[in-house]
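Structure assessment
So you can see what is in the structure, the chains are spelled out below.
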2 protein chains.
Amino acid sequence: MFSVIMAGGSGTRFWPASRNSAPKQFLNITGKGEMVIETCDRIKPLSRDEEIIIILGREHLEKANHIFKGRGVHILSEPEGRNTAPCIGLGAVYARHLGCEGPVAFLPADHFIADVSSFLEVLGLAEDLAEEGGIVTLGIVPDRPETGYGYIRRDNGALFKNSTVYRVMEFVEKPDLDKARSYLESGEYYWNGGIFVAKPETILNEIKVLLPELHRGLQQLESAFGNDGIEKALEEVYMKIEGVSFDYGVMEKTSEKVYVLPCNCGWTDVGSWESLYKMRAQEYDSGKNLVEGQTLLVNCEGSFISAKGKRQIACLGLKNCLVVDTPDALLVADLSLSQDIRTIVEKLKMEKKEELI
Amino acid sequence: MFSVIMAGGSGTRFWPASRNSAPKQFLNITGKGEMVIETCDRIKPLSRDEEIIIILGREHLEKANHIFKGRGVHILSEPEGRNTAPCIGLGAVYARHLGCEGPVAFLPADHFIADVSSFLEVLGLAEDLAEEGGIVTLGIVPDRPETGYGYIRRDNGALFKNSTVYRVMEFVEKPDLDKARSYLESGEYYWNGGIFVAKPETILNEIKVLLPELHRGLQQLESAFGNDGIEKALEEVYMKIEGVSFDYGVMEKTSEKVYVLPCNCGWTDVGSWESLYKMRAQEYDSGKNLVEGQTLLVNCEGSFISAKGKRQIACLGLKNCLVVDTPDALLVADLSLSQDIRTIVEKLKMEKKEELI
């Protein structure tokens, strides 16, 4: 099976570790290597390196070429981000260009999955369904009324007897807490992890109908593959096309062929320092501190100290504190407020400290 | 008037800003220059540079020569610290060697005084009393039941009618909170700031009687002054003599000539980051934060951020937090626990990280 790893986008939620030059997907924040590499390695049982297409922003191309040096993965760069529909379309036409006729898995590069074998099992099932012409999305089984994710509502009965395949009834935006609670209770809602499987042909046919302008662009790109003109073609096409998400532009409008497979695989999008801290609970010390690097702790509790530099860090009496030390910037924060880090980044922008962002 | 500035001793209470190589008295922690310089500058109206003798540890001699370059102050270095009695004796014999016959002020180099004119006024009064043969100590009028200082108990009546001169009844060690409260209520107790005034002759006569071994050492030193042998003599004498405080070795045992002058001059020994924070209240921002250096604060309260390096520091949602950033070490602590920093320093010692201490 081919896989398209979607590694575009910049991110500031892990500032100061993440910067425009090194967003989350290029960071080793889980302690297991850069997330984009982890994403490739995770699907090894399904996709060989030669079957992997990584799509990322041009500003990260050099970095990606470096970290994937010697591996046979294919790397494509977008001149500018245009949301997921163009990215997925590009992945589909490029997979076809490489000779792929069967299903392709589309995977965000910056998510964490604890139970890889469950994940691969569901992905294998998705492959079978996609072979028949479906667009199959993975529905992450929720374990809490999370308000930070979009949801997928399934049909109330399975597609086949004794199966766990459902038609998708609706994609819903991030809910408020009351709604999230009712979603959780109903058992009919899953988190939308942005992971799905479909054949290039299926996807491109849908795009042709629903996003005809994008489809024309993709045809233009396809004819440039194999020539020297690919970068130029990408520039031209990306200047013209509109940015739109695949969920909104395609999935919501073509629900007949869209299926959801429940997946219970310890998935998280690792959206903040706090969620990273919670995710790595098995690494806590006796005071529930998560500590990376040369750090000396005295009477600290529930704190996350990330010190990957050479400096000595000493912490005394901290409670639920976040300390992230990098060579040119230091963050000290209340760990539970780590989603507000964008405020810091916005202020740095206003102060024109571009080199720190 | 001559002044002896006592600048010996190492300190770890301001780690990581203070190190063995740069203890508090050589730091600019009050924002007004190195404390030892501030101490010299403060007494300018009473002592010209040529009348100032600075006594410090040999390890800081080079630094002191550097920061006092071009000023006519006299600098003496002790081969090893031996507490205050030998230091004061050395100051007394050296002042006499420089031709001083009148009173000498002995001043710790690492204290802060907010109201300098009140301080100098009391010091002038002390000079007059010392001229008559007294040993005059300044009694800092307490404004709270502080358990971190020693106290001086005065006689319950003044020495002269309408004067504020009292005989010293007792020097008392750091009290517990109950005792400190009763001291404060009684009105008869002052904080012992370690500041006093006496003629060299008065001091040396007392030392001759009470610490005869030290007196012999001081005679040996005195005869070496003006020769090349002063460093060697200091080595020899300091190897032999016992370390003892002037309070314990002399003042407590000779109370007849010992007077205390109440002094209300905004004195503090700046004993911890927290006390430094409290002292500098006039520099707080609207959230009662004290901020030094390139720091970006969002929703912080009552925190002290000292960032004198070049790194960008960002703080988010901190309450009563202390952040001290230096090029090779960073401290993040609960500000109210800043007196426990010694625990950190002890641990670094155990880990043999001498370069950080």
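Small disclaimer: the values here were computed from a predicted structure and weren't measured.

1. Considerations on the packing of helix α7 (residues 212-224) of chain B against helix α8 (residues 230-240) of chain B
All names here are of chain B. Where α7 contacts α8, the axes come no closer than 9 Å and their chain directions differ by 175°. By the angle between their directions, the pair α7 and α8 is classed as roughly antiparallel. For the pair α7 and α8, the contacting residues are Gly217, Gln220, Leu221 and Ala224 in the first and Ile230, Ala233, Leu234, Val237 and Lys240 in the second. Of the residues contributing to the contact of α7 with α8, the split by class is six nonpolar, two polar and one charged.

2. Thoughts on the environment of valine 165 of chain B
All names here are of chain B. With respect to the element layout, valine 165 can be found in the loop between β7 (151-154) and β8 (166-172). For valine 165, a count of 19 C-beta atoms within 10 Å corresponds to the partly exposed category. For the pair valine 165 and leucine 125, spaced 40 residues apart in the sequence, the C-alpha separation amounts to 9.2 Å.

3. Comments concerning the relation of the copies chain A and chain B
Mapping chain A onto chain B calls for a rotation angle of 180° and an axial translation of 0.1 Å; the resulting RMSD is 0.1 Å. Both copies of the chain, as the preceding transformation shows, are related through a two-fold rotation axis. Scanning chain A for the C-alpha nearest the rotation axis identifies valine 332 of chain A, at a separation of 4.0 Å. Here 100% of the contact residues of chain A are again contact residues in chain B; the copies associate through an equivalent surface.

4. A closer look at helix α6 (residues 200-210) of chain B
Residues Pro200, Thr202, Ile203, Leu204, Glu206 and Ile207 of chain B constitute the buried set of α6 of chain B. On its buried side, α6 of chain B packs onto α3 (84-97), β4 (104-108), β6 (135-140), β9 (189-198) and α7 of chain B.

5. Quick notes on the domain arrangement of chain A
All names here are of chain A. When the domains of chain A are assigned, the result is domain 1 (2-268) and domain 2 (273-356). Between domain 1 and domain 2, the residue contacts involve nine residues of the former and 14 residues of the latter. Its residues placed into classes, the side of domain 1 that touches domain 2 shows six nonpolar, two polar and one charged.

6. A short note on the interface of chain A and chain B
Taken together, the contact pairs 29 residues of chain A with 29 residues of chain B. Looking at the side of chain A that touches chain B, the elements with two or more residues in it are β13 (295-298), β15 (312-316), β16 (321-325), β17 (329-334) and α11 (341-350) of chain A. The dominant element in the side of chain A that touches chain B, judged by the number of residues it contributes, is β17 of chain A, at six residues. Class assignment for the residues of the side of chain A that touches chain B results in 19 nonpolar, three polar and seven charged.

7. Observations concerning unusual backbone geometry
Note that the residue after tryptophan 15 of chain A, namely proline 16 of chain A, is joined by a cis bond; omega there is 5°. When you line up the elements, proline 16 of chain A lands in the loop between β1 (2-6) and α1 (35-42). The phi dihedral of lysine 288 of chain B is positive, around 60°, even though this residue is not glycine. In this fold, lysine 288 of chain B is placed in the loop between α10 (273-279) and β12 (290-293). With 14 C-beta atoms counted inside 10 Å, the residue lysine 288 of chain B sits in the partly exposed group. Positive phi outside glycine occurs at lysine 352 of chain B, with the angle close to 60°.

8. Focus on α3 of chain B
All names here are of chain B. Under the 1.5 Å per step criterion, the end-to-end length of α3 is 20 Å for 14 residues, consistent within 8% with the ideal 20 Å. Burial runs high along α3: 13 of the 14 residues are buried. Directly after α3, the chain includes glycine 99, whose backbone phi takes a positive value near 100°.

9. Observations regarding the sheet that holds strand β16 (residues 321-325) of chain B
Strand order in this open sheet of six strands is β13(A)-β15(A)-β17(B)-β16(B)-β14(B)-β12(B), and the pairing throughout is mixed. With one partner strand each, in any of the chains shown, β13 of chain A together with β12 of chain B form the two edges of the open sheet. Neighbour-to-neighbour, the strand axes of the sheet open up by a mean angle of 10°, direction not taken into account. Relative to β16 of chain B, strand β14 (residues 304-307) of chain B runs parallel, the two sharing four bridges. Each bridged residue has a counterpart across the sheet, and for isoleucine 305 of chain B the counterpart in β16 of chain B is valine 323 of chain B. Those strands touched by helix α11 (residues 341-350) of chain B are β13 and β15 of chain A, and its axis lies near 135° from that of β13 of chain A.

Thresholds, definitions, all that
- The numbers attached to residues start from 1 for each chain and follow its sequence in the written order.
- Chains carry letters and ligands carry numbers; both start at the beginning, A for chains and 1 for ligands, and go up in the order they are written.
- For this predicted model, a pLDDT threshold of at least 70 governs which residues receive local features, and a threshold of 80 or more governs which side-chain atom pairs are given and counted, while totals over whole chains, interfaces and linings are taken from all residues.
- Each axis is a line fitted through C-alpha atoms, taken for helices only over the stretch in contact, and angles between the N-to-C directions span 0 to 180 degrees.
- Think of it this way: any DSSP run of H or I at least four residues long counts as a helix, any run of E at least two long counts as a strand, and we number them from the N terminus.
- Roughly parallel here means an angle under 35 degrees, roughly antiparallel means over 145, roughly perpendicular means 65 to 115, and every remaining angle is called oblique.
- For every residue pair, C-beta atoms are placed from the backbone, and the pair is scored as a contact if these atoms sit within 7 Å.
- Each residue gets one label: Ala, Val, Leu, Ile, Met, Phe, Trp, Tyr, Cys and Pro are nonpolar, Asp, Glu, Lys and Arg are charged, and the others, such as Gly, are polar.
- The exposure label follows from counting other C-beta atoms within 10 Å of a residue's C-beta, where the C-beta atoms are placed from the backbone and the thresholds are 20 or more for buried and 12 or fewer for exposed, leaving partly exposed in between.
- All copies are superposed by least squares; the fitting set is the C-alpha atoms of residues with a pLDDT of at least 70 in both.
- An automatic or database domain assignment is the source of the domain bounds shown.
- The length a helix should cover is 1.5 Å for every residue beyond the first.
- Two strands qualify as a pair provided DSSP detects at least 2 bridges between them.

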